[in-house]
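Take a look at the letters that make up each chain.
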Amino acid sequence: ILVGAGIGRYTEWFHEQNARSVLALDFVKEFIEENERIVQQRWGEAGVKKVSTCSYKSLLFIHHILTSNSPPVKILIMDATKLDTEIEDASLDLVFSNWLLMYFTDEDIKQFAQRAHRWLREGGCLFFRESCLVTVSGCRPNEQSPGHYR
C-alpha cells in the first residue's frame, strides 16, 4: 500500500518490482488523477482501477480491493487518517508512506504508525519517506505550505 501516493512517483515503480498488487491512495484528487493517467499510459485501462472519493463508511470494500487479482494497480482518493479497520491485521507486505507525515498532527503520526505496524505480515516493511529539508515554507505550516517538518 502506498499512502500519500501523489502523482505516482512510486506507484509504477512498485508495480514494476513484480508486486502482486499495489493500492495507491492520496487525499488530493488532482494528484490521484495524474497517478491514474500515468499508470493507464503505461499499462492501459486494464492495469488500473480508480475508486472515486469515498466516505469513511463506504471503505469496507478495501479488503476486496487488496485481495482481488486484477487490476494490479488500484488507486483510491481518501484521507489516510481514516484508514484503519478497512485493512486486516497482518495482510500487507509493505506500507510505504511518501511525504505524508508532515501533514499529520503528532497524534495522527502515532496512530498511523501503530495501525501500519498491525497491517504488516511477519517480515513486512514499514517505510516512511519524508522531506528533511527546510524549504521556503519553513518548519511550521503557513499560507504557502501546511507541512510541519519535524
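Our structure's up above, just so we're on the same page.
Computed from a predicted model, the values in this text were never measured in an experiment.

(A) Inspection of the overall build of the protein chain at higher detail. Counting its secondary structure elements, the protein chain contains four helices and six strands. Along its sequence from the N terminus, the protein chain presents helices and strands in the succession β-α-β-α-β-α-β-β-α-β. With 150 residues in all, the protein chain has 40% of them scored as buried. Of all intrachain contacts in the protein chain linking residues separated by at least 6 positions in sequence, the fraction that spans at least 24 positions is 68%. Accessible surface computed for the protein chain: about 8600 Å², of which carbon and sulfur atoms make up 53%.

(B) Representation of the nonpolar core within the structure. Membership of the largest hydrophobic core comes to 19 residues, with the highest contact counts inside it found for Ile 1, Val 3, Leu 25, Val 95, Phe 112 and Trp 119. Secondary structure elements with two or more residues in this core: β2 (22-26), β5 (92-98) and α4 (106-119). Of all the elements, α4 adds the most residues to this core, at four residues. If near-sequence neighbours (up to four positions away) are discounted, Val 95 is found in contact with Ile 1, Val 3, Phe 112, Ala 116, Trp 119, Leu 120, Cys 125, Leu 126 and Phe 127. Among the nonpolar cores identified, the runner-up in size contains eleven residues, and Phe 14, Ala 24, Val 73 and Ile 77 belong to it.

(C) Quick peek at α4. Given a rise of 1.5 Å per residue, 14 residues ought to cover 20 Å, and the 20 Å separating the end C-alpha atoms of α4 matches this to within 8%. Burial in α4 covers these residues: Ile 109, Phe 112, Arg 115, Ala 116 and Trp 119. Looking straight down α4, one finds its buried side chains confined to an arc of 135 degrees; they lie on one side. Exposed residues pointing more than 90 degrees away from the buried face of α4 are listed as Asp 106 and His 117. In the core, the buried residues of α4 are packed alongside β1 (2-3), β5 and β6 (120-129).

(D) Up close: the side chain of Asp 26. Mapped onto the elements, Asp 26 comes out in strand β2. Buried charge Asp 26 goes without a salt bridge, the closest partner of opposite sign being Arg 9 at 8.1 Å. Looking at Asp 26, its side chain comes within polar contact range of the main-chain nitrogen of Val 28, at 3.0 Å. Once you skip the residues sitting within four places of it in the chain, Asp 26 turns out to touch Gly 4, Ala 5, Gly 6, Phe 31, Ile 32, Leu 76, Ile 77 and Met 78.

(E) Just helix α2 (residues 29-43), in detail. Taking 1.5 Å per residue as the helical rise, α2 with its 15 residues ought to reach 21 Å, and the 21 Å between its terminal C-alpha atoms agrees with that figure. When we look at burial in α2, the residues that qualify are Ile 32, Asn 35, Glu 36 and Val 39. Along α2, the residues classed as buried sweep out an arc of 100 degrees about the axis, all on the same side. Relative to its buried face, α2 has exposed residues pointing more than 90 degrees away, namely Glu 30 and Gln 41. Positive phi appears at Gly 44, one or two residues downstream of α2, with a value of about 80 degrees.

(F) Expanded view of the pairing of strand β4 (residues 73-77). Of all five residues in β4, five are buried; the element is thus mostly enclosed. As paired strands, β2 and β4 are joined by five bridges and run parallel to one another. Of the residues in β4, the one forming a bridge with Ala 24 is Ile 75.

Basis of the calculations
Along each chain, residue indices are assigned from 1 in the same order as the chain's sequence is written. Where totals are concerned, whole chains, interfaces and linings use all residues; where local detail is concerned, this predicted model gives features only for residues with pLDDT of at least 70, and gives and counts side-chain atom pairs only at 80 or more. Neither water nor hydrogens contribute to the side-chain values; these are computed over all heavy atoms in the structure. The numbering of helices and of strands both runs from the N terminus, where a helix is a DSSP run of H or I of at least 4 residues and a strand a run of E of at least 2. For every residue, the accessible area (1.4 Å probe, protein chains only) is compared with the maximum for its type, and the residue is labelled buried under 20%, exposed over 50%, or partly exposed between those bounds. The criterion used for residue contact is that any of the two residues' heavy atoms lie within 4.5 Å. Surface exposure here means Shrake-Rupley accessible area, sampled with a 1.4 Å probe, where a residue is shielded only by the protein chains that are shown. Residues enter a nonpolar core if they are buried and are Ala, Val, Leu, Ile, Met, Phe, Trp, Tyr or Cys, with the set joined through side-chain atoms within 4.5 Å. Given the number of residues in a helix, its expected span is that number minus one, multiplied by 1.5 Å. Along the arc lie the directions from the helix axis toward the C-beta atoms. Counted as positive: Lys and Arg. Counted as negative: Asp and Glu, with His and the chain ends omitted from the count. Only one rule defines a salt bridge in this text: a Lys or Arg side-chain nitrogen within 4 Å of an Asp or Glu carboxyl oxygen. Two N or O atoms count as a polar contact when they lie within 3.5 Å, although within protein this holds only if one can serve as hydrogen donor and the other as acceptor, and sequence-adjacent residues are included solely when both atoms are side-chain atoms. Pairing between strands requires that DSSP locate at least two bridges from one strand to the other.

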